[in-house]
Amino acid sequence: MNNDFTPWLDSLGSREKRRREFFAKVFAVIASHGFTLENPNAIEGGYRLSFKRGDCWIIADRYSSFPVAGETPGIHLYDEVNSWEASFTSYTPIHIVIESINALAADE
């Protein structure tokens with residue numbers, strides 16, 4: 001995957017440094033595991049991004065919904081074969097998210 005996510009990161013806003021860093025790291029880990037961006041046309045508008053590898057999906061969204069945090073940027077991980085999923089806000093410690101993406105990729 002060789003995409004420039006700068007326009008997507010810019011859509012978070014200039015005062016959102018922590019969230020920008022979170023997603024920049026997440027995108028780097030996703031790329032390192034060979035996920036394919038299914039909708040590259042969504043980068044420019046800052047829309048929901050869908051990454052796929054085999055039976056695994058990762059969704060990055062500026063408007064994810066979480067029971068406690070409400071509507072906030074975050075990612076969702078899905079494994080269709082092993083029937084597990086996880087969701088994280090952009091305030092989740094990055095090492096937890098990276099380990100979860102590593103586990104998702106390892107299950108493939």
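What you see is a predicted model; the values in this text were computed from it and never measured.

(A) A look at the side chain of Ser100. Turning to its location among the elements, Ser100 is positioned in helix α3 (residues 94-107). By relative accessible area, which is 15% here, Ser100 ends up buried. What Ser100 contacts, discounting residues up to four positions off in sequence, is Leu77, Trp84 and Phe88.

(B) Fine view of helix α2 (residues 17-32). An ideal rise of 1.5 Å per residue puts 22 Å on 16 residues; α2 measures up with 23 Å between its terminal C-alpha atoms. Buried within α2 we find Arg19, Phe22, Phe23, Val26, Phe27, Val29 and Ile30. All buried residues of α2 fall inside an arc of 165° around its axis, so they share one side. Across from the buried face of α2, at angles greater than 90 degrees, the exposed residues are Lys17 and Ser32. Just downstream of α2 lies Gly34, where phi reads positive at about 80°.

Reading the values: the criteria
Residues numbered from 1 in each chain as written. Predicted model: local features only at pLDDT ≥ 70, side-chain atom pairs only at ≥ 80, totals over all residues. Heavy atoms only, no water. Helix = DSSP H or I, 4+ residues; strand = E, 2+ residues; numbered from the N terminus. Buried < 20%, exposed > 50% of the residue type's maximum accessible area, 1.4 Å probe, protein only. Contact = heavy atoms within 4.5 Å. Expected span 1.5 Å × (residues − 1). Arc of directions from axis to C-beta.

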